Amino acid sequence: SQKIEQNSEALNIQEGKTATLTCNYTNYSPAYLQWYRQDPGRGPVFLLLIRENEKEKRKERLKVTFDTTLKQSLFHITASQPADSATYLCALGGPNDMRFGAGTRLTVKP
Amino acid sequence: SQTIHQWPATLVQPVGSPLSLECTVEGTSNPNLYWYRQAAGRGLQLLFYSVGIGQISSEVPQNLSASRPQDRQFILSSKKLLLSDSGFYLCALRWGDEQYFGPGTRLTVT
C-alpha cells in the first residue's frame, strides 16, 4: 500500500540553526511533491512544490530537495526563527488527489 | 483569488445524531474539491474528492457521505455519527498543482 512517512513527530532546534525535515514515501510515483505549514487550529498553507524532474527548489529561507530514486524529500529552513514553529506536512500529488504525511512539529527555541 | 468558506466552525454532536458540514468556494469555477479529516495528533486523511457537480470519489469506507449539488458547494454528511468521527474537517480546492484549505470545522462527538 502507499505510504508517506515523515520521520520525526517533533523536532526542537535553537533559533538561527537550520531545521531539516524528512519525507519518505513508498509504492508511489508522484508527479510532484509539496510542503505545507499548519498552525494549530488552522488549515495547512502551501509553501513549496517540486516536480519529479527537479532536484532542488528554493524560496527565501526554504529549500526542498526531491530524490525520486531514494523516494525522499528533504525540507530545510535556514536561519530558523521562533515564528517558524509549526507543523510541516509533505504531500504527494497525483492527477486528481493529494496525499499527506502525518507531519513534523517543529519548535524553534529563542 | 479563491476563498473557501466552511461552517460551522465548531460543532458538538451526540453519538447517533446526523451531520451536515458545508463548504462553499468563491473566486473560481469548476474546481476540484476535497474533504479531509484530521484526528487529534494525526495527519490529514482524504475522505472524498469531487471533480464536478454530482461527481464524488470516496477514499475510505465509512459512515460519511459527500455531495456536490452546485459547482461551488461541497457537503459532507452522516446519518448517524460515531465517536470515531470526531476530528478537524477541512475542505480544500485544487488550483493548478496547489491545494488551498478552508478554515476547518472542529467536530466533537460525545
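Quick look at the structure, then. (Residues numbered from 1 in each chain as written. Chains lettered and ligands numbered in written order. Predicted model: local features only at pLDDT ≥ 70, side-chain atom pairs only at ≥ 80, totals over all residues. Heavy atoms only, no water.)

What follows is about the environment of Leu33(B). All names here are of chain B. Here Leu33 lies in strand β4 (residues 32-38). Sequence-wise, Leu33 and Gly102 are 69 residues apart; in three dimensions their C-alpha atoms are separated by 11 Å. Beyond its immediate chain neighbours, meaning those up to four positions away, Leu33 contacts Val25, Phe48, Tyr49, Ser50, Arg68, Asp71, Phe74, Ala92 and Leu93. (Helix = DSSP H or I, 4+ residues; strand = E, 2+ residues; numbered from the N terminus. Contact = heavy atoms within 4.5 Å.)

With that out of the way, let us pick up the layout of surface pockets. Think of a ball as big as a water molecule: rolled over the atoms, this probe shows where empty space is left. Approximately 560 Å³ is the volume attributed to the largest pocket. In terms of lining residues, the largest pocket is bounded by 20 residues, among which Arg99(A), Phe100(A), Leu44(B), Gln45(B) and Leu46(B) are the most central. Elements with a minimum of two residues in the lining of the largest pocket: β1 (3-6) and β10 (98-100) of chain A together with β5 (44-52) of chain B. Class assignment of the residues belonging to the lining of the largest pocket gives a composition of 8 nonpolar, 6 polar and 6 charged. Here the second largest pocket defines a volume of roughly 450 Å³. Along its surface, the second largest pocket is lined by 20 residues, and Gln38(A), Thr87(A), Gln38(B), Gly41(B) and Arg42(B) are the ones closest to its centre. For the lining of the second largest pocket, the elements supplying multiple residues, two or more each, are β9 (86-93) and β11 (104-109) of chain A. Looking at the lining of the second largest pocket residue by residue, the class counts come to 6 nonpolar, 8 polar and 6 charged. (1 Å grid on protein atoms, 1.4 Å probe; cavity = no way out; pocket = protein on both sides within 12 Å on 5 of 7 lines; lining within 4 Å. Points joined across faces, edges and corners; volume = space filled by probe spheres on them. Nonpolar A, V, L, I, M, F, W, Y, C, P; charged D, E, K, R; others polar.)

Moving on to the pairing of strand β3 (residues 19-26) of chain A. Residues and elements named next belong to chain A. Here β3 lies mainly inside the structure; 6 of its 8 residues are buried. Relative to β3, β1 runs antiparallel, the two sharing 4 bridges. Among the inter-strand pairings, Ile4 is bridged to a residue of β3, identified as Tyr25. Relative to strand β8 (residues 72-77), β3 runs antiparallel, the two being bridged by 6 bridges. From the neighbouring strand, Thr20 faces β8, where its bridge partner is His76. (Buried < 20%, exposed > 50% of the residue type's maximum accessible area, 1.4 Å probe, protein only. Pairing = 2+ DSSP bridges.)

Let us look at the state of the cysteines. Summed over all chains, the structure comprises 2 disulfides over all chains. Here Cys23(A) engages in a disulfide with Cys90(A); their sulfurs sit 2.0 Å apart. In this structure, the disulfide formed by Cys23(A) and Cys90(A) twists by about 60° around the S-S bond and is classed as right-handed. Taken as a pair, Cys23(A) in strand β3 and Cys90(A) in strand β9 lie far apart in primary sequence, 67 residues in all. Pair check on accessibility: Cys23(A) and Cys90(A) agree, each one buried. Disulfide pairing places Cys23(B) opposite Cys91(B) at an S-S distance of 2.0 Å. (Disulfide = S-S within 2.5 Å.)

Now for unusual backbone geometry. Look at the link from Trp7(B) to Pro8(B): it is a cis peptide, with omega at 0°. Secondary-structure assignment places Pro8(B) in the loop between β1 (3-7) and β2 (10-13). The residue Asn27(A) is not glycine, and still its phi comes out positive at about 55°. By the secondary structure assignment, Asn27(A) is in the loop between β3 and β4 (32-38).

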